[in-house]
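Analysis of the macromolecular model
Listed below, chain by chain, are the residues.
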Amino acid sequence: MGEAQSALFPNYARYPFTFVKGDGSRLWDENGKEYLDLMCGLAVTNLGHAPKQVTERLKQQVDTLWHTSNLFHIPDQEKLAQLLVDNSCADAVFFCNSGAEANEAAIKLARRYYQKVIGQPERYEIITFHMSFHGRTLATLTATGQDKVKEGFAPLPEGFVYAPFNDAEGTEKLISDKTCAIMLEMVQGEGGVNPADPAFVKRIAELCKQHGLLLIIDEIQTGMGRTGKLFAYEHYGIEPDVFTLAKGLGNGIPIGAMLGKEKLREAFSAGAHGSTFGGNYLSTAAGIATLETMLAEKLPQRAAELGEYIVSELSRKLEGNPLVQHVRGLGMLIGIQLSGPSADLIAAIHEQGVLVVSAGPNVIRLAPSLLISREELDRGLETICAVLAKHAAAAV
Ligand SMILES: *Cc1c(COP(=O)(O)O)cnc(C)c1O
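Numbering of residues starts from 1 in every chain and runs along the sequence as written. For a predicted model such as this one, the threshold for reporting local features is a pLDDT of at least 70, and the threshold for listing and counting side-chain atom pairs is 80 or more; totals across whole chains, interfaces and linings nevertheless cover every residue. Side-chain figures throughout are based on the complete set of non-hydrogen atoms in the structure, without hydrogens or water.

As annotated in an unreviewed UniProt entry, the protein carries the name Acetylornithine aminotransferase and is attributed to Paenibacillus solanacearum. UniProt positions are given in the numbering used here, feature names are shortened, and annotations may be inferred rather than shown by experiment. Under the UniProt heading Catalytic activity (unreviewed entry), the note attached to the protein is "N(2)-acetyl-L-ornithine + 2-oxoglutarate = N-acetyl-L-glutamate 5-semialdehyde + L-glutamate". Heading Subunit (unreviewed entry) of the UniProt record for the protein holds this comment: "Homodimer."

Written as structure tokens, this is what we have:
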């Protein structure tokens, strides 16, 4: 259907496929053609499509109760919060429906902590980073360090300044008596699969301690086992004051979460913030089933092992290909850095039945299911490398 006939706003440039069924790492289009999914709907379906560990729990819940609102206790919301707290450095959890909402909650919590708990209302500025991505609400697109998402949306909320990524000295220069927090991703996902340097992250954590700033880690793409640990901050030997989750948390059922340390609890007293749908029976059932599966099957560890394998296989197979500069990543969040635009190459890979996605203009991003089989993975990597080899040969 052309955009002209569609009843939708044309705010997505969609790939020309329509899928009607999914199972594990496989998808089928309306003509019955099979595709291998190496992107998981943007790092969301980390357990693959329709994993029975989640669908069975969801089916049960659909027949029982969906929604009562946060005016009442919701046992599964308590249970998922406890599971997250037991498996992270956080002490308290707030549930919402998306990544942007989770970051919005983190921004509101940081401001309110300084205004209501610490009593320093002049401290409201948050330092974020060039090429970061934090969401599409007005506050989170302002937090995002990319101008393209801000065009046409002025006036933007005050209170964000942008530091160079992986540059601790450049960041330190921006700290003032207005700063309340530093917010960053451990791997910039949308920005091009750029991992943070360990020394940079250590120094940022020190600066936060030294200046009394909150350290907010956006784990919306990197969390839930994706990078080879349950949460990516664990790779860096630091503990954030706040971190946010969404994408993989419900394996595709919409749910987001903002998690924080004990000292922040009183900043969100009753009435301070809320959500109608946040943490309802369906989404928290999906979250519990997803997280329990991930822990029981040691999937973060599997992601670490498979991720290393993918980077080494791709690096070896793509060596000498003039279209490719290098391969990088953390766990199963992987970027192939090209020397030019990725769009035509991605279309050619799709053509061969393998789904990958861009991350910025010159990077091919892979985010396969943490449960993908070795055979499927090998077939996908083979296809990608063959397409890149063919295009390299055609270019000379
Ligand atoms: C996807 C993403 C978001 C936004 O999540 P939505 O659910 O689309 O609002 C925020 N931060 C990061 C790092 C993301 O990858």
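**Things to note about the nonpolar core**
Only buried Ala, Val, Leu, Ile, Met, Phe, Trp, Tyr and Cys residues count toward a nonpolar core, and they belong to the same one when joined by side-chain atoms within 4.5 Å. The buried label applies to any residue whose accessible area, calculated with a 1.4 Å probe on protein chains only, is under 20% of its type's maximum; exposed applies above 50%, and partly exposed to all values in between. By size, the foremost hydrophobic cluster in this structure holds 87 residues, and its most contacted members are Leu-314, Ile-364 and Leu-366. For the purposes of this entry, the term helix denotes a DSSP run of H or I that reaches at least four residues, the term strand denotes a run of E that reaches at least two, and both are numbered from the N terminus. Element by element, the count of residues in this core is highest for helix α9 (residues 299-318), at seven residues. For the domain bounds, the source is a domain assignment made automatically or taken from a database. Looking at which domains feed residues into this core, each of domain 1 (19-50 + 298-395) and domain 2 (65-296) gives three or more. Each residue touching Ile-364, except ones within four places of it in the same chain, is listed here: Ile-334, Gly-335, Ile-336, Leu-338, Ser-342, Leu-345, Ile-346, Ile-349, Val-356, Val-357 and Leu-388. Counting residues in hydrophobic clusters, the runner-up holds 23 residues, among them Ala-143, Cys-180, Ile-216 and Met-258. Throughout, a contact is declared for two residues whenever any of their heavy atoms are within 4.5 Å.

**Overview of the packing of helix α2 (residues 52-62) against helix α8 (residues 281-296)**
At a minimum axis distance of 9 Å, the contact between α2 and α8 shows a crossing angle of 155°. With respect to each other, α2 and α8 are oriented roughly antiparallel. Where α2 crosses over α8, the handedness of that crossing is right-handed. Contact residues: α2 offers Gln-53, Val-54, Arg-57, Leu-58, Gln-61 and Val-62, while α8 offers Tyr-281, Leu-282, Ala-285, Ala-286, Ala-289, Thr-290 and Thr-293. Residues are sorted three ways: Asp, Glu, Lys and Arg are charged, Ala, Val, Leu, Ile, Met, Phe, Trp, Tyr, Cys and Pro are nonpolar, and all the rest, Gly among them, are polar. The residue inventory of the contact of α2 with α8, partitioned by class, reads eight nonpolar, four polar and one charged. Axis angles are defined between N-to-C directions and span 0 to 180 degrees, where every axis is a line fitted to C-alpha atoms and, for a helix, only to the segment in contact. Here roughly perpendicular refers to angles of 65 to 115 degrees, roughly parallel to angles under 35, roughly antiparallel to angles over 145, and oblique to all remaining angles. By the definition used in this description, the sense in which the near helix is turned from the far one sets the handedness, with an anticlockwise turn below a right angle giving left-handed and a clockwise turn giving right-handed.

**Side note on a nonpolar patch on the surface**
A residue counts toward a patch only above 30% relative accessible area and without a salt bridge, and it is joined to like-charged neighbours within 9 Å or, for Val, Leu, Ile, Met, Phe, Trp and Tyr, to nonpolar neighbours within 5 Å. Using a 1.4 Å probe, the Shrake-Rupley method yields the accessible areas, and only the shown protein chains count as cover for residues. Salt bridges are defined by distance alone: a side-chain nitrogen of Lys or Arg within 4 Å of a carboxyl oxygen of Asp or Glu. On the surface, Leu-138, Phe-153 and Leu-156 cluster together to form a nonpolar patch covering roughly 260 Å² of accessible area. Tracing the chain through its elements places Leu-138 in helix α5 (residues 138-143). A residue is classified by how much of its surface remains accessible, and Leu-138, at 46% relative accessible area, is partly exposed.

**Some remarks on helix α4 (residues 99-118)**
Since one α-helical turn is 3.6 residues long, residues separated by three or four positions face the same way. Between the first and last residue of a helix there are one fewer steps than residues, each counted as 1.5 Å, and that sum is the expected span. End to end, α4 covers 27 Å across 20 residues, agreeing with the expected 28 Å (1.5 Å per residue, within 8%). Its maximal kink placed at Arg-112, α4 deviates by approximately 30°. Among the residues making up α4, those that are buried are Gly-99, Ala-100, Ala-102, Asn-103, Ala-105, Ala-106, Ile-107, Leu-109, Ala-110, Tyr-113 and Tyr-114. Following α4 by one or two positions, Gly-119 adopts a phi angle in the positive range, close to 80°. At any given residue, the bend is defined as the angle formed between two axes, one fitted to the seven residues that end at that position and one fitted to the seven that begin there.

**Section: unusual backbone geometry**
Of the consecutive residues Ala-154 and Pro-155, the connecting peptide bond is found in the cis state with omega at -5°. Of note, Pro-155 is situated in the loop between α5 and β6 (160-163). The phi angle at Leu-42 is positive, at roughly 70°, despite the residue not being glycine. Secondary-structure assignment places Leu-42 in helix α1 (residues 40-43).

**Structural notes on the domain arrangement of the protein**
Domain parsing of the protein yields domain 1 (19-50 + 298-395) and domain 2 (65-296). Each of domain 1 and domain 2 has a C-alpha centre, and these two points are 27 Å apart. Each side of the interface is counted separately: domain 1 has 30 residues, and domain 2 has 28 residues. Values labelled buried area give the accessible surface lost by two parts on being combined, using a 1.4 Å probe and summing over both. By the criterion of area lost to domain 2, the three top residues of domain 1 are Pro-300, Leu-330 and Leu-333, representing 28% of everything that side buries. Residue Arg-365 is joined to Glu-190 by a salt bridge in which the shortest nitrogen-to-oxygen separation is 2.9 Å. The definition of a polar contact used here is a pair of N or O atoms within 3.5 Å, where within protein one atom must be able to donate a hydrogen and the other to accept one, and adjacent residues in sequence count solely through side-chain atom pairs. Linking domain 1 to domain 2 there are 18 residue pairs in polar contact (both at pLDDT 80 or more). Within the residue set of the side of domain 1 that touches domain 2, elements represented by two or more residues are α1, α9, β13 (324-330), β14 (333-338) and β17 (363-366). Take the side of domain 1 that touches domain 2: its biggest share by element is five residues, from α9. Residue composition of the side of domain 1 that touches domain 2, grouped by class: 18 nonpolar, nine polar and three charged.

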